[in-house]
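Take a look at the letters that make up each chain.
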Amino acid sequence: NDEARVEKIAGAVSTILEALGEDRTRPGLQQTPKRLAQLLVDCTSGYARRLDEVLNGAVFEETYSEMVVVRDIALYSLCEHHVVPFHGKCHIAYVPNGRVLGLSKLARIAEMYARRLQVQERLTQQIAQAVQDACEPLGVGVVVECSHMCMCMRGVRAAGSS
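Worth saying up front: this structure is predicted, and the values here are computed from it rather than measured.

Positioned with a positive phi, D72 is a non-glycine residue whose angle comes to about 60 degrees. With respect to the element layout, D72 can be found in strand 2 (residues 68–79). For D72, a relative accessible area of 37% corresponds to the partly exposed category.

Structure (structure tokens):
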């Protein structure tokens, strides 16, 4: 359950703060372990979601055969290497083969996979595979463009890279 996970993570955050030399009892940090734990549970909530639940029956028989495109879907995820955010946009296109998805479901699919510890390459592949599995289109394409805080804050410090 989420409450038990929050408590376990909060304990680990307290240990980290102490190892950094912080005074965990100072006013600004007293609730930080719990807040960070709640944030991490929320940002990784995609692990608890399944494709059929996200689709919620919104797969429709349709003879439409032109490309369907949803652009500029906002994405927020956590880099699995550094557990810092990366964010940007996702563009999803597919050519129906007798079945279409409710358009909002494309954004929900992207969010389900983004709310996990991720790398951009796997996120892109998972979104494409989910669309393929959901409606068996003739083809699917996904482009994910993100700015990675791990590149901006540390290492190469390549602010503005995407």
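That shown, we press on.
So, about the side chain of R116. Within the secondary structure layout, R116 lies in the loop between helix 4 (103–114) and strand 5 (117–118). Salt bridges are absent for the buried R116, whose nearest opposite-charge side chain, E53, sits at 9.2 Å. Here the side chain of R116 touches M112 through a polar contact of 3.4 Å, landing on its backbone oxygen. Setting aside anything within four residues of it in sequence, one finds R116 in contact with C43, T44, G46, Y47, R49, S77, L78 and Q126.

How two helices pack is summed up by the angle between their axes together with the distance between the axes. Between helix 4 and helix 5 (residues 120–135), whose axes approach to 9 Å, the crossing angle comes to 140 degrees. The angle between helix 4 and helix 5 falls in the class oblique. By crossing handedness, the relation of helix 4 to helix 5 is classed as right-handed. Together, L106, I109, A110, Y113 and A114 of helix 4 and L123, Q126, I127, A130 and V131 of helix 5 make up the contact between the two elements. Class assignment for the residues of the contact of helix 4 with helix 5 results in nine nonpolar, one polar and no charged.

Each value, and the rule that gives it
Residues numbered from 1 in each chain as written. Predicted model: local features only at pLDDT ≥ 70, side-chain atom pairs only at ≥ 80, totals over all residues. Heavy atoms only, no water. Helix = DSSP H or I, 4+ residues; strand = E, 2+ residues; numbered from the N terminus. Buried < 20%, exposed > 50% of the residue type's maximum accessible area, 1.4 Å probe, protein only. Lys, Arg positive; Asp, Glu negative; His and termini not counted. Salt bridge = Lys/Arg side-chain N within 4 Å of Asp/Glu carboxyl O. Polar contact = N/O pair within 3.5 Å; in protein donor to acceptor, adjacent residues only side chain to side chain. Contact = heavy atoms within 4.5 Å. Axes fitted to C-alpha atoms, helices over the stretch in contact; angles between N-to-C directions. Parallel < 35°, antiparallel > 145°, perpendicular 65-115°, else oblique. Left-handed = near helix turned anticlockwise from the far one by under 90°. Nonpolar A, V, L, I, M, F, W, Y, C, P; charged D, E, K, R; others polar.

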